[in-house]
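Each chain, letter by letter, is given below.
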Amino acid sequence: MSKSRYTKLALACCPLFLISWNTAAQEEEKLLEEVVVTASSIRDSLQSALDQKRDAASLVEVIKAEDIGKLPDQNLAEVLENVTGIQITRTAGVGTGVQIRGTSSNRTEINGVSTVGSGTGRSGISFEDVSAAIIASVEVVKSPEAKTIEGSVGGTINLKTIRPLDLDEPLVAARVQGEQSSLSEDGGTSPRYSGTFGNVWETEYGDFGAVISASYSEQDANAFRPRADRDNFVAAGESASADFDFLPAQFFVQDYDDFEFETTNFAGAFEWQANDNLKLYFDAVLNDQERNEESSRVQTSGISTQRFAANITEFETVDFGSLQGINGSQDLGSIAAAVRGIIPAQVDDRFDPNLRLSGDTNSRNTESEIFRFGGEWENEKLKLRVEASTSTSDTRTPSINTTLNFINPNTPIGDDNENATPIEFDLTGGSLTFGIAESEANAPTTAQLLDPANYRLRDVNVRRDIAENTEDAFRIDLSYYLDWKGIRSIDVGYRYNETTSLQDQVRSNLGLRSLDDSPSGDTFASLLTAGPDNFDEADGRDLFFPDFLTIDPSQVISNQEAVLETLNAAILAHQATTGSTRGGIDSPSSSTGAFFDVTEETDAFYAQANFDYDIVRGNFGLRYVDTEINSRGNAVLDGVATPTSSSADYDFLLPRLNLLVDVTENVLVRAGWGEDIRRPDFNDLSTAFSFSTSPNPAVSLGNPGLVPEEVESFDISADWYFAPASVISIGYFHKEREGVFTVQDSDPVEDANGFRDTTDPCEDGGIFNPIADPNVFAPPGTPPGVCVPTSQVVNGSAETTQKGYEITFQYDLGQFEEQLGWASGFGFIANLTEQEFSRSGGDEFFQATSRAQTIFNSLGATDTVTFEAPLVDLSETAYNLTVYYEKYGLSARLRYTWRDEHRSNDFGSTQSRPFGFPVVQEERGQLNASISYDINEKFNIGLEAVNITEEETEQNCVNSGSLLCFQGLTDRRITFGVSYRM
């Protein structure tokens, strides 16, 4: 369907509005239904949410704001964590991802309008981009109707703003807050401001309502993230430290994450009730987020070459457990692993281990806009709704990431711009600690570590990527009310949308590997600053890297061009004296191989019957979806880019049924059955791909042959509303999924020295990455360019099943005022989700890497070790426990959230899979609390705390509890403030 057809459809609705305007001019009597727009307490918000859930025609979970701009949590992902069946993932302790019933394949809407995200995914706007302060309620649709837009596996999330004509009085509200992070290096306070104004005006042309909400917030989110790789092998007798096989230290990273968010949100809603029959509306939601990163990494490279010389003083026994693979269950056995020791400085040949210092400034600037304009016309028999909407997201990612080599003045150096520094490590007690081996004679001093002359510039990576996503939509919905017994109404509708995703990587990468190429730090000392020295604050560790220099991230963020100019001048001046022809930093240019532009057009039709007979009510219907996809990109062969294009189309017929039985006045049984689809992410459809300067991450290859995943879902639940604001609910869900998107990997082969192929093409697996640093995968001095792993998303051939049950208990004691007195202010909320995932048939398996296979072979493996692809991010058990109190103007809430272990592709913020398998993110709980007090009818003061006990994240390699390889030590965030409502 062409864009002109979309325009014609939009214009077709104009006569409706013109006729209605003329009618409104002659109308003198008006009808305005007046209701309270928001609750004014925890108790009222819970009751209102239960009423909406109870009346819904399908399975819907609802969270209502306690007051204007006051949802239970500051972050929308953390708000959603209150819902039964929802778990979230976090970045530096801040909620960023949401899983509904174990899957992230969901949709996000604002006021029923589809949103688009800042990347290439299908789930919609990022939750950290929208302030909870402008949202009045959150709905999660778990069982769709025929009229529900397709595209979700777990559910559809609808963020709703205040509707103007629901106001019964003028609305003026404001809130001022400050937030502090326990791990912030400067310890400052980040401000938050929000305000809302709304009113309804009665005029001779009808009733006009408007609500305007705005918010501005800053947030400093910090996390300390130590990582220790031990995926190599030392055979008995190869090391003086042990006469048995063991896993040596392979790689250490001290990662300090510092994200600074600056978010501005605006939501405006305007409604005109022209007469009894007609209402027109216009909504605008504008979001602007600047996310600046001032992170640093200390890496110890080349440790693996010292695995035989390291002085290991303590070992642990690692039980790898068993994995379900191609040939059934495989018991992998146990092996010793180094947990404490010293890695001496090698003073000849490779000069390992090396100390590398990186500064990461991966900024993201996203502007998103959502507009919708529509009208509703209704009489006794008909209701017609016409709406046009547009959702856009424009993202730029300006960044300069740099790496320096520390040159230890106490050890020799060869021709390369790196030499050896002794490292001490202690991985005992469930803590990954490492730092300078100060007991070694050639260990550098603090003064030497902070001397710019002891640093060499190694890498400069400039990125100015562009991501532009848009969805334009037009829909028309018609309801016809019937007098038939049983059938209450018939709904029919049509929706057209055009969705586009354009991605362009604009980058420049410079790698300097020799002393002749790379300038000394004292030639650009004005850019250097001491790195964070508070890595011990999270857990009180004694062993870490407190003293080092990096490129000052604040200078990078404030003036990128000046930083590049200074670095380039230092590079070129140095090379002029050495005679090097390596050259300086090039201006960023578009990567032809990574560019893609995808356009998708969809026509959707639905018909739905709504029935109500005696104690039975519900709906059944069909949704037909027809989609056409056109993709543009570039095919790169022998360095030559050729423009390419491809087209595809598909259609689906999706039946859906929802049934509700009012067994008694307070007991409701609900069932739902339906089919849905999940479209592949845009980057997974594209033929484009991009490279990293690291040899570890897999290159993601697109797959234009991907088709949507198909989902068949069944839900049944029983709710008992046994008291005001109280309920006991138990439900069961079952999902059958076909064509599940699964990642297939291809790893390059490593020889006996651990080296990979450094020439193109890679005959033995993987893909040649021309900008990757070979690091330990090639002899010293090898220039950039090495074979690296690949990953590709495919439609799995297996049929997968997700099933589980959900239990909710909510009890408010407010009804016992006379019996309990002050204690009647208490209330309790608990929910539990138990779920499991199984796979039938198919050939979706992960395969052990070359190094990992060597380890498993030593433990008796006779075949290649494989692992049946799991459903990542699925926790089998999760629960929430909430206690709240509300009385005498005091409102308090204490919530504890816990989720079980789950597989994850996010290994320390990389997409690499150590040992070849997704890591296990271990079980984790978090305690949040809030308290507020009404000073009078207008003013309220409050205090909120997130992650009170500073719970950490742990990841284990291969299996749960097997080999600790990553920690995320997150901050505690305290927010305090005052609010006003007229």
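Just so we're clear, the structure is a prediction, and the values are computed from it rather than from any experiment. (Residues numbered from 1 in each chain as written. Predicted model: local features only at pLDDT ≥ 70, side-chain atom pairs only at ≥ 80, totals over all residues. Heavy atoms only, no water.)

K.L.:
Help me out: how do you make sense of the overall build of the chain in this one?
P.N.:
Helices and strands together make up the secondary structure of the chain, namely ten helices and 53 strands. Taking 30 Å as the expected radius of gyration for a compact globule of 982 residues, we find that the chain reaches 30 Å, a close match to that expectation. On the principal axes, the C-alpha backbone points of the chain span a range of 95 × 65 × 60 Å. Here the chain holds 982 residues, and 57% of them are scored as buried. Here the chain has roughly 38000 Å² of accessible surface; of this, 52% comes from carbon and sulfur atoms. The averaged location of the 154 negative side-chain charges in the chain is 5 Å from the averaged location of its 71 positive side-chain charges. (Helix = DSSP H or I, 4+ residues; strand = E, 2+ residues; numbered from the N terminus. Rg over C-alpha atoms; globule rule 2.2 N^0.38 Å. Buried < 20%, exposed > 50% of the residue type's maximum accessible area, 1.4 Å probe, protein only. Areas by Shrake-Rupley, 256 points an atom, 1.4 Å probe, with all protein chains shown as cover. Lys, Arg positive; Asp, Glu negative; His and termini not counted. Charge placed at Lys NZ, Arg CZ, Asp CG, Glu CD.)

K.L.:
Where do I start with the state of the cysteines in this structure?
P.N.:
Cysteine pairs can be linked by a disulfide, which is a covalent bond between their two sulfur atoms. By the definition in use, this model includes two disulfides. Here Cys762 is linked by a disulfide to Cys787, with a sulfur-sulfur distance of 2.0 Å. The sign of the -100 degrees torsion about the S-S bond sets the Cys762-Cys787 disulfide as left-handed. One end of the pair, Cys762, is in the loop between strand E37 (741-746) and strand E38 (767-769); the other, Cys787, is in strand E39 (residues 786-788), with 25 residues separating them in the sequence. Across this residue pair, the class does not change: Cys762 and Cys787 are buried. For the chain, the bonded cysteines connect in the pattern 1-2, 3-4 when numbered consecutively along the sequence. (Disulfide = S-S within 2.5 Å.)

K.L.:
Looking at this structure, how should I read the side chain of Asn275?
P.N.:
Here Asn275 lies in the loop between strand E12 (251-273) and strand E13 (278-293). The exposure class assigned to Asn275 is buried, which follows from its relative accessible area of 4%.

K.L.:
Explanation requested: the pairing of strand E1 (residues 60-64) in the structure shown.
P.N.:
Two faces make up the sheet, and in a regular strand the side chains alternate between them. Among the five residues in E1, four count as buried, and that is most of the element. In this sheet, strand E6 (residues 137-141) lies alongside E1 in antiparallel orientation, the contact comprising five bridges. Bridge pairing links Val60 to Val141 in E6. (Pairing = 2+ DSSP bridges.)

K.L.:
What am I meant to see in the pairing of strand E14 (residues 295-301) here?
P.N.:
When you tally the buried positions in E14, you get six out of seven residues, the bulk of the element. In this structure, E12 lies alongside E14, joined through five bridges in antiparallel fashion. Note on E14: the bridge partner recorded for Gln254 is Val298. Pairing analysis gives seven bridges linking E14 to strand E19 (residues 354-360), with the strands arranged antiparallel. Following the sheet pairing, Ser301 is matched in E19 by Asn354.

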